[in-house]
Structure formats: C-alpha cells, structure tokens
Amino acid sequence: MGKSLNDVRADFPILNQQVNDESLVYLDNAATTQKPKAVVEALEHYYYHDNANVHRGVHTLAERATEKFEAAREKVRAFINARSTKEILFTRGTTTSLNWIAASYGEATIQAGDEIVISYMEHHSNLVPWQQLALRKHATLKYIKMAADGTLDMNDAKQQITAKTKIVAIAQVSNVLGVVNPVKALAKLAHQNGAVMIVDGAQSLPHMPVDVQQLDCDFLAFSGHKMLGPTGIGVLYAKEAILTEMPPIEYGGEMIDFVNLFDSSWTELPWKFEAGTPNIAGAIGLGAAIDYLNQFGMAAIHEHEQRLVNYVLPKLLAIDGLTVYGPHDPAKHTGVIAFNLDDLHPHDLATGLDMEGVAVRAGHHCAQPLMKYLNVPATARASFYLYNTKADADRLVAAIIATKEFFKNGTV
Ligand code: PMP
C-alpha cells in the first residue's frame, strides 16, 4: 500500500494491546473501524484551537470552524466524485441517511400501488424504512433473491424491477455475505423503468473506490465510523436535481432563508437539509479519515483486503465443520466473512475467539430476514481492514481450531 503494514499499524495505537493475555487481533471492522492518530488529532486540534459554531459568526474562530467544516464536505465530494458540494449532506450515519430519503423523497413521491424493490440481504437500515414507507403508503415491497452462491440474482432483479417500481435500494456490499452487488447495472435497470437507485454504501465506501457519476446512482448513504472516522457522522449523497425538489426533513436554525410569522423559505443546498448545529467535529474528523485513506488510495486498500481474503478463505473452508456463508470463490468475496462452526452457538464461538484475543462479531448482524433466508439463527463474522495482516488471518484460523477443540474436549 505504499507504507509498510507495521507503519500503518503504528498509526492505530489501540491495536497494540493484550486481550485475555493475547495480543489483540481486531476483526470487527464491519461493525466499526479503529481510528488513526491523524483522526484523533484532528478532533483534538479542532476542540483545542478552532471550536465555534459554524455559518453564523463573523469572528475568527467561527470563520475557521466554518472553513474546516466546509472543507470536509469538499473532501467527501472529491472522495465519491460528486459534481458539487450541494449534493453532500452531513447526517448521523447510514441509518439516518436512508431514513431521510424515505421521510422526504419517499413521502413526497410514493403512492398506493407503487413498488419498492430491495433484496433479502439488506441490513435493517435499508429495509425497515422502506417496509414502513410501503405500509404507510399502501405500496408494495419486493425482494430480489440470491443465487445459490449468495450473489444477487440479476435474472430475478429483472423480474422484480418493473414499470411500477419507483425505488430500488440495495447495499453495494453485504455486511454478512461479503458480496459486491452490481449497483451500476441495477441503477441502469432502475432508470429504464423510471425508478431511482439508492445505494447503501456502508460496507463499500470504506473498502473500494466508489464514483457516484460512474455508478449513476441517485442516492448514496454511508457512515464515517466504518471508514476510520468518528461515530455520529455520515453522509447522504443525492443528485442535485433531486435534492432541489425534495422537501426539508427537519426545520429550525441553519436551514432557513427567511422566517415570517406564518411561512418561511429555505436556504440553498446543501444547508436546506442541515437544520440545527451540525456535528462539526465529526465532519472534520471524517475529512481527516478521508485524507488518511487517500494516502494509500482506495484501489490499493481494496487490493490489500482481497489478498487477505485469497489467503484466509481457503484456510477457513478447510476447517472441518465450518460453514462459510456467501460465495466460496475468493474473487467474489470481500473481507466480510460470516461463518458457523458445527452446531456451536455463534456467541460461544465468538467468546472462544475472544479468549484467544481475536475480536469478531456474532449475531444476526441487523439482517434478520437474511438469517431466515439462510435458515440460521445467527452467525459469527470476521471482517478485515487495511491494518489487518496475514498473521491476523492465521490467528483467526488457529483460534477457530482451538475453540473447536475446547468445545469437543472441554479443554484447550
Ligand atoms: N447498512 C449496512 C450494509 C451496514 O453494514 C450498516 C452498519 N452495520 C448500516 C447500514 C448502518 O450503519 P450505521 O449503524 O452506521 O447507521
């Protein structure tokens, strides 16, 4: 990646610690990522030197805070190659971004009998807002199936997306199956049928180059904390023409132009949607995270993770009794790997791995309909990032084998 892995890891002091007397192997990156010093220092610098409210002040600190906040918006714009910063709204995270689309665009456009198309592999954040919108509007929610290997069934997508479809909302990368969905092809299909394409980028933005103009998606949602940034900050990208038509979601300070006693008018994009004091430090921290990622480039980060997947997936598949969900071909699998071991409950498996210092997640991963589809109550999930090494992959494999032995023999 242009910097040694040891040097990358030195940027993340949290990684250098013992957990249960073992050196920590952090493989819960799909839930949240660790923060490099550069991000923590950007937050500290902001609070120690520049803290003031944005947009409203003429004093020096207010101008500096506004400049840094808006510079972060420009960094996000460039990161996803949006045409204008008018298209970049700061939110709390992916969940808020998707709910905003449903509350504003969805409320304004969906009518009884319209169809909304999602997939069985959606995170609850990209499912429940559409399910509830459909219920409110008497619209129909439809699901695209998966092929046998866990990839999205594009033949079924062509069946489900019709002239009645108004919204297609799909994750670019599944937070369970680790597959990359063809959102560019889906956007084309959506547009041919007069629908908008919404991309849940929570698991893709941190790991691969994403260009909204190239994808031609109408909306893109993602979270700062999954890409080395702070919690509580996220992004909603939408095409300017759509945002111009969309009504505001919240009302109050910052988003108005004029307020009269009985009516008001809204300020320009993007601030029309950002009522109240925003998460200024969060946005600046996200900007610092983008700078950090850009020193390697997203293509190099993606390659690094794919090398780890090529290395670890065959080793996992070779463990007797281990079931890996999603494609078994490493070329079709990202660094999000969900699995179960024999009939061990995934919580026991994750606890066993924690005893070996390996942090993974266990549960339904906010994807209960997918668990039902896979016919499992839950899974364990390891997820890799730019600071993970082949040694981390070896530790995961060894810890699974040790846990298997422990539960077989009652001893390690
Ligand atoms: N979508 C996907 C695919 C996710 O993985 C997640 C986070 N697990 C979300 C949406 C929600 O993100 P957040 O909790 O940051 O709002």
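Please refer to the structure higher up on the page.
Residues numbered from 1 in each chain as written. Predicted model: local features only at pLDDT ≥ 70, side-chain atom pairs only at ≥ 80, totals over all residues.

Student: Talk me through the sheet that holds strand β16 (residues 361–363); I want residue IDs and the actual numbers.
Tutor: If you walk across this open sheet you meet the four strands as β13-β14-β17-β16, and the pairing is antiparallel. For this open sheet the edge positions go to β13 (322–324) and β16, each flanked by a neighbour on one side alone. This sheet shows a mean twist of 30° between the axes of neighbouring strands, independent of strand direction. As paired strands, β13 and strand β14 (residues 336–341) are joined by three bridges and run antiparallel to one another. Bridge pairing in β14 places Val324 opposite Phe339. (Pairing = 2+ DSSP bridges. Helix = DSSP H or I, 4+ residues; strand = E, 2+ residues; numbered from the N terminus. Axes fitted to C-alpha atoms, helices over the stretch in contact; angles between N-to-C directions.)

Student: I'd like a rundown of the pairing of β14, residues and numbers included.
Tutor: By the criterion of burial, β14 is predominantly enclosed, with six of the six residues buried. The two faces of β14 match: Val336, Ala338 and Asn340 on one face and Ile337, Phe339 and Leu341 on the other face are all buried. Direction of pairing for β14 relative to strand β17 (residues 379–383): antiparallel, over a ladder of four bridges. Each bridged residue has a counterpart across the sheet, and for Ala338 the counterpart in β17 is Arg381. (Buried ≥ 20, exposed ≤ 12 C-beta atoms within 10 Å, placed from the backbone.)

Student: Which residues make up helix α14 (residues 390–409), and what values do they have?
Tutor: Spanning 20 residues, α14 covers 28 Å between terminal C-alpha atoms, matching the ideal 28 Å at 1.5 Å per step. Every buried residue of α14 is accounted for by Asp392, Ala393, Arg395, Leu396, Ala399, Ile400 and Thr403. Projected down its long axis, α14 carries its buried residues within an arc of 155°, all on one side. Looking at α14, the residues exposed on the side facing more than 90 degrees away from the buried face are Lys390, Ala391, Lys408 and Asn409. (Expected span 1.5 Å × (residues − 1). Arc of directions from axis to C-beta.)

Student: Can you explain the pairing of strand β8 (residues 196–200)? Please cite residues and give values.
Tutor: By the criterion of burial, β8 is predominantly enclosed, with five of the five residues buried. In β8, alternate side chains face the same way, and those of Val196, Ile198 and Asp200 on one face and Met197 and Val199 on the other are all buried. Sheet topology places strand β7 (residues 165–171) next to β8; five bridges connect them, and they run parallel. Opposite Ala169, over in β8, you have Ile198 as the bridge partner. Between the parallel elements β7 and β8, the chain passes through helix α7 (residues 183–192) in a crossover that is right-handed. (Right-handed = clockwise from strand over helix to strand, strands pointing away.)

Student: I'd like a description of the packing of helix α2 (residues 37–50) against helix α10 (residues 280–294), backed by residues and values.
Tutor: In contact at an axis separation of 8 Å, α2 and α10 are set at 145° when each is read in the N-to-C sense. Here α2 runs over α10; the crossing is right-handed. Touching Ala38, Val39, Ala42, Leu43, Tyr46 and Tyr47 of α2 are Ala281, Ile284, Gly285, Ala288, Ala289, Asp291 and Tyr292, all from α10. Residues belonging to the contact of α2 with α10 are distributed by class as follows: eleven nonpolar, one polar and one charged. (Left-handed = near helix turned anticlockwise from the far one by under 90°. Contact = placed C-beta atoms within 7 Å. Nonpolar A, V, L, I, M, F, W, Y, C, P; charged D, E, K, R; others polar.)

Student: So what's going on with helix α12 (residues 346–355)? Which residues, and what values?
Tutor: All of the buried residues along α12 are Pro346, Leu349, Ala350, Gly352 and Leu353. Each buried residue of α12 sits inside an arc of 155° when the element is viewed along its axis, so together they form one side. The exposed residues of α12 that point more than 90 degrees off its buried face are His347 and Thr351. In this structure, the buried side of α12 is in contact with β14, β15 (358–359), β16, β17 and α14.

Student: So what about the sheet that holds strand β5 (residues 115–119)? Which residues, and what values?
Tutor: An order of β4-β10-β9-β8-β7-β5-β6 is seen for the seven strands of this open sheet, with the pairing classed as mixed. With one partner strand each, in any of the chains shown, β4 (88–91) and β6 (140–144) form the two edges of the open sheet. Averaged over all adjacent pairs, the angle separating strand axes in this sheet is 20°, with direction ignored. On the sheet, helix α3 (residues 60–80) packs against β4, β9 (219–223) and β10 (234–238) and is oriented at approximately 115° with respect to β4.

What is shown is where atoms sit, not what they do.
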